Amino acid sequence: MTKDRDYADAGILALRHRYREVQAAQLPAGREIFIGTDSVPLRRESLFGGMCSIMLPQSMTDMDDTERMVRYPDRNRPPVIRTDADREASVTFSLLPPEDDGETETAAVQLAGLRSDMKKIWKQNIFYDSGEVDADGIPVAWMDCKAYCFDGNLYSLIFLFRAQEQTVLGNFHCSFPRYDVWKPAVLKLLATVQVQQGGEFRIQ
């Protein structure tokens, strides 16, 4: 009888824990965010001289120059690289060059083209979902995939948004076993994007 009661109590606790997780997942990012079951404080990060900004975990800081060269050996490495203390997760930001024809495509169209190009180059990658997050009227297009690396599988969530006639490319990545913890949190963070327009930020 005691074993049955213990089992029922454990089941109730598990359901309550799951209920709290579901509630947290539905809340927008504010001063903190849940990454798995951990509540993590956030701060607003200004990018590219104040052109735009996004909320990121306070634990994410600038990657030092030596580590940048090791982890991103290409000369065209992203100019903005933030990583957490244990190097479990990182996010990078770059500006895409303007289109040759001078036409302005939406973030979703640009991302679809990028996805198509990536499939041709990295045929071993597995591509999953794609979608669009509304950051108070600013469309942030995203897609995610699994990449194979020398030291294990990598989860990557790539996103694009327009800022002052330019396109910002972001790439969040972490070890693949942690993707289910990070993915819902990153999608929430995309909704905190702000873009400066006419000398002022377009505030959410």
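Nothing here was measured: the structure is a model prediction, and the numbers come from that model.

Reading guide: rules and limits
- Residues numbered from 1 in each chain as written.
- Predicted model: local features only at pLDDT ≥ 70, side-chain atom pairs only at ≥ 80, totals over all residues.
- Heavy atoms only, no water.
- Helix = DSSP H or I, 4+ residues; strand = E, 2+ residues; numbered from the N terminus.
- Expected span 1.5 Å × (residues − 1).
- Buried < 20%, exposed > 50% of the residue type's maximum accessible area, 1.4 Å probe, protein only.
- Patch = residues over 30% accessible without salt bridge, like charges linked within 9 Å, V, L, I, M, F, W, Y side chains within 5 Å.
- Areas by Shrake-Rupley, 256 points an atom, 1.4 Å probe, with all protein chains shown as cover.
- Salt bridge = Lys/Arg side-chain N within 4 Å of Asp/Glu carboxyl O.
- Core = buried A, V, L, I, M, F, W, Y, C linked by side-chain atoms within 4.5 Å.
- Contact = heavy atoms within 4.5 Å.

Peer 1: Tell me about helix α4 (residues 179–190), and name the residues and values.
Peer 2: Here α4 contains 12 residues, and its C-alpha end-to-end distance of 16 Å stays within 8% of the 16 Å for a straight helix at 1.5 Å per residue. Here α4 has its buried residues at V181, W182, K183, A185, V186, K188, L189 and L190.

Peer 1: Talk me through a nonpolar patch on the surface; I want residue IDs and the actual numbers.
Peer 2: Taken together, the side chains of I126, Y128 and Y148 make up a nonpolar region of the molecular surface, amounting to roughly 260 Å² of accessible area. Here Y148 shows up in strand β8 (residues 138–149). The class of Y148 is partly exposed, set by a relative accessible area of 39%.

Peer 1: Outline the nonpolar core, listing residues and values.
Peer 2: Burial of nonpolar side chains together is a common tendency in soluble globular proteins. In terms of nonpolar packing, the biggest core is built from 37 residues, with F93, F159, F161 and F172 touching the most fellow members. Among the elements that make up this core, the one with the highest residue count is α4 (6 residues). Contacts of F159, omitting those with residues within four sequence positions, involve V91, F93, V140, A141, W142, V168, L169, G170, N171, F172 and L190. Counting 10 residues, the second largest nonpolar core, distinct from the first, contains A107, L111, A141 and L169.

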